[in-house]
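# Geometric and topological summary
Listed below are the residues making up each chain.
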Amino acid sequence: MTFKAIVTLAYGVWLIVAGVLRFAEAQSVAALGFGLAMGALAISAAVLMFKDRRLLGYVLAGLTLVFVVGFFATKTVKEGFDLRVAITLVASVLETVVLFKPKGTAKGTHTS
């Protein structure tokens, strides 16, 4: 459980950093607000996971992923490639894999 919470915490920190970077680059208050809000949601999800409120943490992290991936996938289609957005999308995929990987799928735990 702790690994998922740590990864979710790191994801939240990245979202905040990405918003701050975009603000510094383009003075985009909307990007700063989105990064802060989504980062805060992810960090809140991680805190819930650390406190053994797993289901609520997963739901909150899942909602964060829906908003982030939905927004940045649309942005990429409309505006083209941007490194910050690409890193955020890759981080979102990694967060999804770690967060929703079923128990017992780690290497060496398969029994047949």
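Here's a quick rundown of the structure. In every chain, residue numbers begin from 1 and rise along the written sequence. In view of the model being predicted, local features appear only for residues whose pLDDT reaches at least 70, and side-chain atom pairs are presented and counted only at 80 or more, with totals across whole chains, interfaces and linings using the full set of residues. Computation of side-chain values covers all heavy atoms of the structure but excludes hydrogens and water.

### Some remarks on the overall build of the chain
In DSSP terms, a helix is any run of H or I states spanning at least four residues, a strand is any run of E spanning at least two, and both are numbered starting from the N terminus. Counting its secondary structure elements, the chain contains four helices and zero strands. Going from the N terminus to the C terminus, the chain shows its helices and strands as α-α-α-α. Relative accessibility thresholds used throughout: buried, under 20% of the residue-type maximum; exposed, over 50%; partly exposed, between the two (1.4 Å probe, protein chains only). Within the span of the chain, comprising 112 residues, buried residues form 33% of the whole. Partitioning the contacts of the chain with sequence separation of at least 6, the portion at a separation of at least 24 is 65%. Residue contacts follow a heavy-atom distance rule, with two residues in contact if any of their heavy atoms lie within 4.5 Å.

### Quick word on the nonpolar core
Grouped together as the largest cluster of nonpolar side chains are 17 residues, with contacts concentrated most on Tyr11, Leu15, Ala45, Met49, Ala61, Val68 and Leu99. Considering every element that reaches this core, the biggest residue donor is helix α3 (residues 54-79), with six residues. In this view, Val68 contacts Tyr11, Leu15, Phe34, Met38, Thr88 and Ser92; residues no more than four positions away in its chain are not counted. To qualify as a nonpolar core, a set must consist of buried Ala, Val, Leu, Ile, Met, Phe, Trp, Tyr and Cys residues joined through side-chain atoms within 4.5 Å.

### Details of helix α4 (residues 83-100)
A helix's residues, less one, multiplied by 1.5 Å, set its expected span. Between the first and last C-alpha of α4 there are 26 Å, a value that for 18 residues agrees with the 26 Å anticipated at 1.5 Å per step. Burial in α4 covers these residues: Arg84, Val85, Thr88, Ala91, Ser92, Glu95, Val98 and Leu99. Summarising the axial view, the buried residues of α4 lie within an arc of 145°, below the 170-degree limit, and thus occupy one face. Facing away from the buried side of α4, by more than 90 degrees, are the exposed residues Leu83, Val90, Val93 and Leu94. In protein, a polar contact requires one atom able to donate a hydrogen and another able to accept it; more generally it is a pair of N or O atoms within 3.5 Å, and residues adjacent in sequence count only if both atoms are side-chain atoms. N-cap assignment for α4: the residue whose side-chain oxygen lies 3.2 Å from the backbone N of Arg84 is Asp82. Directions are taken from the helix axis to each C-beta atom, and the arc is the one they span.

### Focus: the environment of Leu99
Relative to the helices and strands, Leu99 resides in helix α4. Accessibility expressed as a relative area gives 2% for Leu99, which makes it buried. Between the C-alpha atom of Leu99 and that of Phe3, which follows or precedes it by 96 residues, the distance is 9.3 Å. Excluding residues within four positions of it along the chain, Leu99 makes contact with Lys4, Thr8, Met49, Tyr58, Ala61, Gly62 and Leu65.

### Let's talk about a nonpolar patch on the surface
The patches described consist of residues with a relative accessible area above 30% and no salt bridge, like charges being joined within 9 Å and nonpolar side chains (Val, Leu, Ile, Met, Phe, Trp, Tyr) within 5 Å. For the area figures, the Shrake-Rupley method with a 1.4 Å probe applies, and any residue is considered shielded solely by the protein chains shown. Think of a salt bridge as a Lys or Arg side-chain nitrogen and an Asp or Glu carboxyl oxygen that are within 4 Å of each other. Taken together, Ile6, Leu9, Val13, Val17, Leu21 and Phe50 make up a surface patch of nonpolar side chains, about 480 Å² in accessible area. It is helix α1 (residues 2-26) that contributes the most residues to the nonpolar patch, five residues altogether. Position of Ile6 among the secondary structure elements: in helix α1.

### Quick notes on the packing of α1 against helix α2 (residues 29-50)
To obtain each axis, a line is fitted to C-alpha atoms, and for helices this fit is confined to the stretch in contact; angles are then taken between N-to-C directions over 0 to 180 degrees. Direction vectors running N to C along α1 and α2 enclose 170°, while the axes themselves pass 7 Å from each other. Overall, the two elements α1 and α2 adopt an arrangement that is roughly antiparallel. Considering only residue class, the contact of α1 with α2 consists of 21 nonpolar, six polar and two charged. Working definition: roughly parallel below 35 degrees, roughly antiparallel above 145 degrees, roughly perpendicular at 65 to 115 degrees, and oblique for all remaining angles. When residue character is reported, Ala, Val, Leu, Ile, Met, Phe, Trp, Tyr, Cys and Pro are called nonpolar, Asp, Glu, Lys and Arg charged, and the others, Gly included, polar.

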